[in-house]
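Letter by letter, the chains look like this.
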Amino acid sequence: MSRTIYDLIGLGAGVMFILALKGLSHPRTARRGNILGAIGATVATIAVFFYASEGNELPLNNLGWILGAIAFGVLVGVPAARKVQMTAMPQLVALFNGVGGGAAALVAIVEYLKLGNTASTGVVIATVFTVLVGCVSFSGSIVTFLKLQELMTTRPVVFPGGRFVIAATLIGTLASAVWVVMELGTTPLLVLAALSLLFGVLFVLPVGGADVPIVISLLNAFTGLTVAAGGYVLDATLLIIAGTLVGASGTILTRLMAEAMGRSLFGTLFGAFTAKPQEAGTASETRPVKSGTPDDVAILLNYARRVVIVPGFGLAVAQAQHTVRELADLLTAKGIDVAYGIHPVAGRMPGHMNVLLAEANVPYEQLSEMEEVNPTFPQTDVALIIGANDVVNPAAKTTPGCPIYGMPILDVAQAGNVIFLKRSMRPGFAGIENELLFDSKTTLLFGDAKASLTKVVGALKAL
Amino acid sequence: MDLVAIITIFVLAVFVGFEVVSKVSSTLHTPLMSGANAIHGVILVGAIIVADHSETNLELGLSVAAIVLATINMVGGFVVTDRMLEMFKGKSGNRASQGSGDKK
């Protein structure tokens, strides 16, 4: 196949990627968009097998190795993607993103080893960029994976002098980048890769659990840019187009996510440099709260006419989506009007809660968006809040200057009764006390969301 | 390729990337991110090109590793995005016909 035909096929694939992103932005066309993207990627991959770059002959060298490696990747990737629990999906996406960044870095390293001293300065700079950002994306994504999988603490990891260590690593990384450009050797490149990997880890460690989705999205955009730079190194237009598209849309998406969650993008990104070691234990709250038993909760629910369930992060962690549906079905069978009030950022990522509840076969008509459900709270007898806190915290309306001030919230305080299922009195991720917990119409039921719900369902059946 | 041509492609692609996702409901943030993530798996094409060029065992070994990682990124990414979006299928109202018999 000639270079012209090969490039035209690449252009076609690029157009499909644009249509894929466009499709993914609207609920009706999302699935088709994703399939278009998959077709584009497949076509681009097949085309490369039929295109011999100058001086080479078909079939490709090392064809057996190439096909074997692809088969192996499919055997690892597809079962992982198909079997993963929907609650664990964000960390799988993080992992996929990380290996993509790693792949881009490896591609640039191999090309650099080959080119040696013949590489032009432009290519060397692009190589350095690819290796640096690809390695940061790889190791950073691994840390986000470990955090989300709870293989390590989800709290920000900050150690004394940490920001100086991080700043020093960053300076070292940039210095070795300059070294590679000046000296053109294998050793500087390996030093660069090692320091970049270290920086990726240090960059993500101080990020708290709530900000992890934003970081994943950002690293996703980073990987896109490394792929674009890799495309420049390899003189492959398609990679430049695809990588830039992902880099640009990923950046916008990161900003949208940060806005929807009421987080400052700047604060998240530079948290590594500004984070201070945390005070040993914040002043513990000693005001009395009304804590109830599963039977109390069951009785409140049983005599309600309308119940709004507000699911949050805690529900996702406890994997309680099936139990909550059982509870809702039970209430509906008793003639009680049940709705789910979904905050735009409920769960671990924006839109994650909709996916989880859809997986548990919650009828779509019962899922109400925040704007729909908020005006109905005055007519609601019970608001049942399961593992959510910040998204119902009135401080977002009443306390200017608090970190979540201005974030839209679910107006549960308007409901007749408020029930919180919580693991502890610990504040939400934003770390702000929730006044609503101390309100006289609030009942708290402590414990794991799934265990609590199971008990409430049992109590309700016994009534 | 001409550097100016590359910069042109880059700048135009940045604008297209900004434009296509500027108005997206928060419900779709996660699938959109996952789909974009799968698209950058097309680095697989680059990995195949360097594997083709590889002469030493070191180069081949690194290329093969890159192919494996890129394939996982691309194939896994599209499959997991499709699974997420499958959950939204009920929006058109035929939830009941889907039932609990999720495909295994």
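Here is what the cut-offs are and how they apply
- Residues numbered from 1 in each chain as written.
- Chains lettered and ligands numbered in written order.
- Predicted model: local features only at pLDDT ≥ 70, side-chain atom pairs only at ≥ 80, totals over all residues.
- Heavy atoms only, no water.
- Salt bridge = Lys/Arg side-chain N within 4 Å of Asp/Glu carboxyl O.
- Helix = DSSP H or I, 4+ residues; strand = E, 2+ residues; numbered from the N terminus.
- Buried < 20%, exposed > 50% of the residue type's maximum accessible area, 1.4 Å probe, protein only.
- Core = buried A, V, L, I, M, F, W, Y, C linked by side-chain atoms within 4.5 Å.
- Contact = heavy atoms within 4.5 Å.
- Pairing = 2+ DSSP bridges.
- Axes fitted to C-alpha atoms, helices over the stretch in contact; angles between N-to-C directions.

**Q** Describe in detail the pattern of salt bridges, supporting the description with residues and values.
**A** Residue and element names in this part refer to chain A. Scanning all chains against the criterion turns up 10 salt bridges over all chains. A salt bridge links Asp7 to Arg3; the shortest N-O distance between them is 3.0 Å. Of this pair, Asp7 and Arg3 both sit in helix H1 (residues 3-24), 4 residues apart, which is roughly one turn of that helix. Of the charged contacts, one joins Asp381 and Arg305 as a salt bridge, the two residues approaching to 3.3 Å between their closest N and O atoms. One end of the pair, Asp381, is in the loop between helix H16 (370-373) and strand S4 (382-386); the other, Arg305, is in the loop between helix H12 (294-302) and strand S1 (306-311), and 76 residues separate them in sequence. Residue Asp381 is classed as buried on the basis of its relative accessible area of 18%. Since its relative accessible area comes to 65%, Arg305 is described here as exposed. Each of the salt bridges in this network shares a partner with another, and the network as a whole consists of Arg3, Asp7 and Asp235.

**Q** Can you explain the nonpolar core? Please cite residues and give values.
**A** Within soluble globular proteins, side chains that are nonpolar tend to cluster in buried spots. In this structure, Ile309(A), Leu327(A), Tyr340(A), Ile386(A), Ile48(B), Ile67(B) and Val80(B) are the most contacted members of the largest nonpolar core, which totals 149 residues. In terms of residues, this core owes the most to one element, helix H4 (residues 89-115) of chain A, which gives 15 residues. Leaving out residues up to four positions away in the same chain, Ile309(A) has contacts with Val324(A), Ala328(A), Val338(A), Ala339(A), Tyr340(A), Gly341(A), Leu384(A) and Ile386(A). Of all hydrophobic cores here, the second largest spans 21 residues; its members include Val418(A), Leu436(A), Leu437(A) and Phe438(A).

**Q** Requested: an account of the sheet that holds S1(A), with residues and values cited.
**A** Residues and elements named next belong to chain A. The 6 strands are arranged S3-S2-S1-S4-S5-S6 in an open sheet whose pairing can be described as parallel. At either margin of the open sheet sits one strand with a lone partner, and together these are strand S3 (367-369) and strand S6 (442-446). Each strand of the sheet is rotated relative to its neighbour by a mean of 25°, with strand direction disregarded. As judged from the 4 bridges shared by S1 and strand S2 (residues 337-342), these two strands associate in the parallel manner. Within S2, the position partnered with Arg306 by the bridge is Asp337.

**Q** Could you give me a rundown of the side chain of Asp82(B), with the residues and numbers involved?
**A** Within the secondary structure, Asp82(B) is located in helix H4 (residues 57-86). Exposure remark for Asp82(B): the relative accessible area of 16% places this residue in the buried category. If near-sequence neighbours (up to four positions away) are discounted, Asp82(B) is found in contact with Arg31(A), Asn34(A) and Ile35(A).

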